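# What the coordinates show
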Amino acid sequence: MGNASGWSGQAPADARKGPAAAGTVAGAARRACEDAVGMPPSVPARAESALAGPVLAWYDREARELPWREPGAGAWAVLVSEIMLQQTPVNRVLPAYAAWLARWPTPAALAAAAPGDAVRMWGRLGYPRRALRLHECARQLVARHDGIVPDDVDALLALPGIGAYTARAVAAFAYRQRHPVVDTNVRRVVARAVLGRGDPGPPATTRDLAAVEALLPADAERSARFGVALMELGALVCVARTPRCGSCPVAADCAWLAAGSPAYEGPTVRPQRFVGTDRQVRGLLLGVLRDARHPVGKAALDVVWTDDVQRERSLDSLVADGLVDPLPDGTYALPS
DNA sequence: TATACGTGGTG
DNA sequence: TCACCAAGTAT
């Protein structure tokens, strides 16, 4: 099928910088006023996406209460939550997030810890390299940003573990800036509601960002709220397997529903096996070190996997990643 | 652009 | 049971 993975091409446009960027101050004030009164804009600079109003109203009613959305959550807390939420479900992040911030409430606190402590604290969230990157991120925040999470997308992108999604998520959710925040939920919602496709297909960052940018409300605060609302809709209603279209606030405007919910026909990303892969072996190896309070001998690692070649390869890769520290006496430990 | 990278819940 | 799925990033 033609153009299967592509969202409609939009002019490449990222967000303006800062809260004052949403048109004129007077314009923002007028919109805010109209929002409060519930009146349509008298002289709209450009029509707001039909999605925004219903999605925002739905979010006000149905949003989950999550700790990183509390008003008191600072940029560091938001950043920690975003890193943990990369490919890990909310329910498993919740306890880890609380414990992490209790122990390291600031970037400086984490920066002062050993990287191995971060890896151990990460527990079984998965993808432990994230713990290492978050630790290194904290050190860079201290070294280059006075221990403060920057509010600039480009500065955020320069930090380890922070990519296109996380940089904008932090700028939008922690600093209330106007940026397209595009995660898998948003990609799916837009693919369905706007493009009429059941599945967003493979990601294409530049195009995806532009497509969502085109939907953003002009006002920065409203835009930031719209971003999290779109994600929430994708997480609770417009889910991958069995979407609950019956309770969707934009069902009436959904292009996919209107088209009869056609099945996806585009290219699919074949999920790779886990059992038997190096990833599984790495997980087993690291689990031994995570649960050990002291360095362990090679024998303790050897028992987790019988295939010597694969086990050694996996151990080597953990060392190469900085996740495991081979000590001079032949034992192994989490990095100190 | 495609692939590697953990872990556990779910239909 | 097992394939799919979960707020991605780095290479």
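Residues numbered from 1 in each chain as written. Chains lettered and ligands numbered in written order. Predicted model: local features only at pLDDT ≥ 70, side-chain atom pairs only at ≥ 80, totals over all residues. Heavy atoms only, no water.

By the naming in an unreviewed UniProt entry, chain A goes by Adenine DNA glycosylase and is assigned to Jatrophihabitans endophyticus. Per UniProt, the comment on chain A under Catalytic activity (unreviewed entry) is "Hydrolyzes free adenine bases from 7,8-dihydro-8-oxoguanine:adenine mismatched double-stranded DNA, leaving an apurinic site." As its UniProt record puts it under Cofactor (unreviewed entry), chain A is described as follows: "[4Fe-4S] cluster". (UniProt positions renumbered as here; feature names shortened; annotations may be inferred.)

Let's shift gears to helix H14 (residues 278–291). Over its 14 residues, H14 extends 20 Å from the first C-alpha to the last, a length consistent with the 20 Å expected when each residue adds 1.5 Å. Turning to H14, its buried residues are Gln280, Val281, Arg282, Leu285, Leu286, Gly287, Leu289 and Arg290. In the core, the buried residues of H14 are packed alongside helix H6 (115–122), helix H7 (129–144), helix H15 (298–302), helix H16 (308–321) and strand S2 (332–333). (Helix = DSSP H or I, 4+ residues; strand = E, 2+ residues; numbered from the N terminus. Expected span 1.5 Å × (residues − 1). Buried < 20%, exposed > 50% of the residue type's maximum accessible area, 1.4 Å probe, protein only. Contact = heavy atoms within 4.5 Å.)

Taken together, 29 residues lie around DNA strand C, and Trp68, Leu85, Gly161, Thr166 and Asn185 are the ones closest in. At the protein interface, 69% of the atoms of DNA strand C within 4 Å belong to sugar or phosphate. Side-chain polar atom of tryptophan 68 to a base nitrogen of DNA strand C: 2.7 Å apart, as the coordinates give it. Arginine 188 is positioned such that a nitrogen or oxygen atom in its side chain is 3.1 Å from a phosphate oxygen of DNA strand C. (Near = heavy atom within 4 Å. Polar contact = N/O pair within 3.5 Å; in protein donor to acceptor, adjacent residues only side chain to side chain.)

Attention now moves to the packing of helix H4 (residues 90–103) against H6. Contact geometry of H4 with H6 gives a least axis separation of 10 Å together with a crossing angle of 150°. On the basis of their axis angle, the class for H4 and H6 is roughly antiparallel. Touching Ala99, Trp100 and Arg103 of H4 are Asp117, Ala118, Met121 and Trp122, all from H6. Each residue belonging to the contact of H4 with H6 can be placed in one class, and the counts come to 5 nonpolar, no polar and 2 charged. (Axes fitted to C-alpha atoms, helices over the stretch in contact; angles between N-to-C directions. Parallel < 35°, antiparallel > 145°, perpendicular 65-115°, else oblique. Nonpolar A, V, L, I, M, F, W, Y, C, P; charged D, E, K, R; others polar.)

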